[in-house]
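What the coordinates show
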Amino acid sequence: MKAKDFRKKAWEACKGNWGNLILVLVINFALMTICGLLGIILGRITRIIITLLFYPTIAQTIEGYVTSLSAILIYGHIIYGEAVFFSNFMRDGSEQVGDLFSGFKKYGKVFKLYFLIQLYTTLWSMLYCIPGIIRGIAYSMSYYIMNDNPDMTPKEVIKHSIKITDGYKGKYFCLQISFIGWLLLCILSLGILTIWIAPVISASNAAFYEYVKTMYEQSLNENTQDELVENIIGKN
């Protein structure tokens, strides 16, 4: 499958379902806004306290740390919820808005997964930009995998994401690049087209996960069959 095939599949799935999809977009935007505002408010409060009681010279620096930390505490759960919603939507047309909040039901695991992804990606990026991008793509299926495999630990989820994206990183990169034209249209329309384009992009990414998951499972079955044939030949 090519990038256009994922986009086409997503577009066809979204047609006729814009009402709930736009609602999901609004809720997600609201959650991210709340996340950002919470970080800013906590950061300002921390800055005031430190300025009054401790060292004014470091207050601004600590404010930045607190603001960033507050975002980390919630942002991963928003990403996870979106992945769950669109994964279920692309599979069976399910439009359970409650899926957006599913990450908060397993708060600790999702937080650890998000933290590890950010940590590993940052460390790889220190080597150079390209290794960071490659690893970011390798980890991109993690939230979908955690949804399908709730018993996996965050580290196991990341390792599995690396496995199923092996050989498909270039295809995923091309898919993301293919959205550039759409994003430019969003800018030119002053954000109006985002209402339709954002859900299709998320659905396309979910469709890509279904594709690499299927290809990985097929490769495992083929390897198992090859091993059985080799064992039979060896016994004879």
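Throughout what follows, the structure given in this document is the object of discussion.

Before going further, it helps to spend a moment on the overall build of the chain. Summing up its helical and strand segments, the chain has 10 helices and 0 strands in all. In sequence order, the secondary structure elements of the chain are arranged as α-α-α-α-α-α-α-α-α-α. Pairs at least 24 residues apart make up 71% of the contacts formed inside the chain by residues separated by at least 6 positions.

This part covers a positive patch on the surface. A surface patch of positive charge is lined by Lys112, Lys155, Lys159 and Lys163. Counting residues per element, the positive patch draws most heavily on helix 7 (residues 154-164), which supplies 3 residues. Within the element layout of this structure, Lys163 appears in helix 7.

Our focus in this paragraph is helix 1 (residues 3-14). When the terminal C-alpha atoms of helix 1 are compared, their 17 Å separation across 12 residues agrees well with the 16 Å that a helix rising 1.5 Å per residue should span. Along helix 1, the residues that are buried comprise Ala3, Phe6, Arg7, Ala10 and Cys14. Along helix 1, the residues classed as buried sweep out an arc of 95° about the axis, all on the same side. Facing away from the buried side of helix 1, by more than 90 degrees, are the exposed residues Lys4 and Lys8. Looking one or two places after helix 1, you find Gly16, whose phi comes out positive at around 85°.

What follows is about the layout of surface pockets. The space that makes up the largest pocket amounts to roughly 830 Å³. As for the largest pocket, its lining consists of 32 residues, of which Tyr75, Ile79, Glu82, Ser202 and Asn205 are closest to the centre. Of all the secondary structure elements, the ones that give two or more residues to the lining of the largest pocket are helix 2 (18-53), helix 3 (59-92), helix 4 (107-127), helix 5 (129-138), helix 6 (142-148), helix 8 (169-177) and helix 10 (194-235). Residue composition of the lining of the largest pocket, grouped by class: 22 nonpolar, 9 polar and 1 charged.

Our focus in this paragraph is the environment of Cys174. Checked against the element boundaries, Cys174 lands in helix 8. For the pair Cys174 and Lys4, spaced 170 residues apart in sequence, the C-alpha to C-alpha distance is 9.7 Å.

This part covers unusual backbone geometry. At Leu190, a position not held by glycine, the phi torsion is positive, near 60°. Here Leu190 lies in the loop between helix 9 (180-188) and helix 10.

This part covers the packing of helix 5 against helix 8. Interhelical geometry of helix 5 versus helix 8 gives an angle of 95° and a closest axis separation of 10 Å. The angle between helix 5 and helix 8 places the two elements in the roughly perpendicular class. On helix 8, the residues that touch Ile134, Ile137 and Ala138 of helix 5 are Lys169, Tyr172 and Phe173. Tallied by class, residues from the contact of helix 5 with helix 8 come to 5 nonpolar, no polar and 1 charged.

On the surface, Leu37, Leu38, Ile40, Ile41, Leu42, Ile45 and Ile49 cluster together into a nonpolar patch covering about 580 Å² of accessible area. Tracing the chain through its elements places Leu38 in helix 2. Leu38 gets classed as partly exposed once you look at its relative accessible area, which sits at 33%.

With that settled, the discussion passes to the nonpolar core. Residues Phe86, Met141 and Phe208 are the most contacted members of the largest nonpolar core, which totals 54 residues. Top element by residues in this core is helix 10. It accounts for 11 residues. Beyond its immediate stretch of four places on either side in the chain, Phe208 contacts Phe6, Met141, Tyr168, Lys171, Tyr172 and Leu175.

Rules and cut-offs
Residues numbered from 1 in each chain as written. Predicted model: local features only at pLDDT ≥ 70, side-chain atom pairs only at ≥ 80, totals over all residues. Heavy atoms only, no water. Helix = DSSP H or I, 4+ residues; strand = E, 2+ residues; numbered from the N terminus. Contact = heavy atoms within 4.5 Å. Patch = residues over 30% accessible without salt bridge, like charges linked within 9 Å, V, L, I, M, F, W, Y side chains within 5 Å. Areas by Shrake-Rupley, 256 points an atom, 1.4 Å probe, with all protein chains shown as cover. Salt bridge = Lys/Arg side-chain N within 4 Å of Asp/Glu carboxyl O. Lys, Arg positive; Asp, Glu negative; His and termini not counted. Charge placed at Lys NZ, Arg CZ, Asp CG, Glu CD. Expected span 1.5 Å × (residues − 1). Buried < 20%, exposed > 50% of the residue type's maximum accessible area, 1.4 Å probe, protein only. Arc of directions from axis to C-beta. 1 Å grid on protein atoms, 1.4 Å probe; cavity = no way out; pocket = protein on both sides within 12 Å on 5 of 7 lines; lining within 4 Å. Points joined across faces, edges and corners; volume = space filled by probe spheres on them. Nonpolar A, V, L, I, M, F, W, Y, C, P; charged D, E, K, R; others polar. Axes fitted to C-alpha atoms, helices over the stretch in contact; angles between N-to-C directions. Parallel < 35°, antiparallel > 145°, perpendicular 65-115°, else oblique. Core = buried A, V, L, I, M, F, W, Y, C linked by side-chain atoms within 4.5 Å.

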